[in-house]
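Given next are the chains, with one letter for each unit.
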Amino acid sequence: RKAGEEWLVRSTMATSHLVDVYENKVGVVGLTSLSNLQYCVVIDPVIDGVQRRGTRQLRKGEASFFLQPGEALENGIQRVEVLAEDEAVLVTAREAFVD
């Protein structure tokens, strides 16, 4: 590993971990869990092992995941808008995209 590099040690990788003399424990990361009526937007997501700085990724429930080093949630966990037959939601595009 390179000096300053961060990584997660999960129970799927090892049942225990002793912090080596060449490592520092930065903190403990909790599991993020989404129900089927929740979603979140991850800022600077890690996709296929590569951090995509300046991008955002939509994650929808039901799902559970650990935020990777450098990732953050934009506005936390959000609830899905469930619309009645006589309701509509007005939205605006934040950036160009194709439907």
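The rules behind the values
Residues numbered from 1 in each chain as written. Predicted model: local features only at pLDDT ≥ 70, side-chain atom pairs only at ≥ 80, totals over all residues. Heavy atoms only, no water. Core = buried A, V, L, I, M, F, W, Y, C linked by side-chain atoms within 4.5 Å. Buried < 20%, exposed > 50% of the residue type's maximum accessible area, 1.4 Å probe, protein only. Contact = heavy atoms within 4.5 Å. Pairing = 2+ DSSP bridges. Helix = DSSP H or I, 4+ residues; strand = E, 2+ residues; numbered from the N terminus. Axes fitted to C-alpha atoms, helices over the stretch in contact; angles between N-to-C directions. Patch = residues over 30% accessible without salt bridge, like charges linked within 9 Å, V, L, I, M, F, W, Y side chains within 5 Å. Areas by Shrake-Rupley, 256 points an atom, 1.4 Å probe, with all protein chains shown as cover. Salt bridge = Lys/Arg side-chain N within 4 Å of Asp/Glu carboxyl O. Lys, Arg positive; Asp, Glu negative; His and termini not counted. Charge placed at Lys NZ, Arg CZ, Asp CG, Glu CD.

## Here's the deal with the nonpolar core
- Grouped together as the largest cluster of nonpolar side chains are 5 residues: Leu34, Cys40, Val42, Phe65 and Leu67.
- Those residues in contact with leucine 34, other than ones at most four positions away along the chain, are Tyr39, Cys40, Arg59, Lys60, Gly61, Glu62, Ala63, Phe65 and Ile77.

## Description of the sheet that holds strand β5 (residues 56–60)
- Spatially, 3 strands are ordered β5-β2-β7 in an open sheet, and the strand pairing comes out antiparallel. Edge positions in the sheet fall to β5 and β7 (72–79), since each has one partner strand and no second. Recorded for the sheet is a direction-independent mean angle of 15 degrees between the axes of neighbouring strands.
- Bridge count between strand β2 (residues 38–43) and β7: 5 bridges; the pairing is antiparallel. Paired with valine 41 across the two strands is glutamate 74, which belongs to β7.

## So, a negative patch on the surface
- Taken together, the side chains of Glu81, Glu85, Asp86 and Glu87 make up a negatively charged region of the molecular surface.
- Looking at the secondary structure, you find glutamate 87 in the segment after β7.
- Residue class for glutamate 87 comes out partly exposed when judged on its relative accessible area of 45%.

## Re the pairing of β2
- Direction of pairing for β2 relative to β5: antiparallel, over a ladder of 5 bridges. Paired with cysteine 40 across the strands is arginine 59, a residue of β5.

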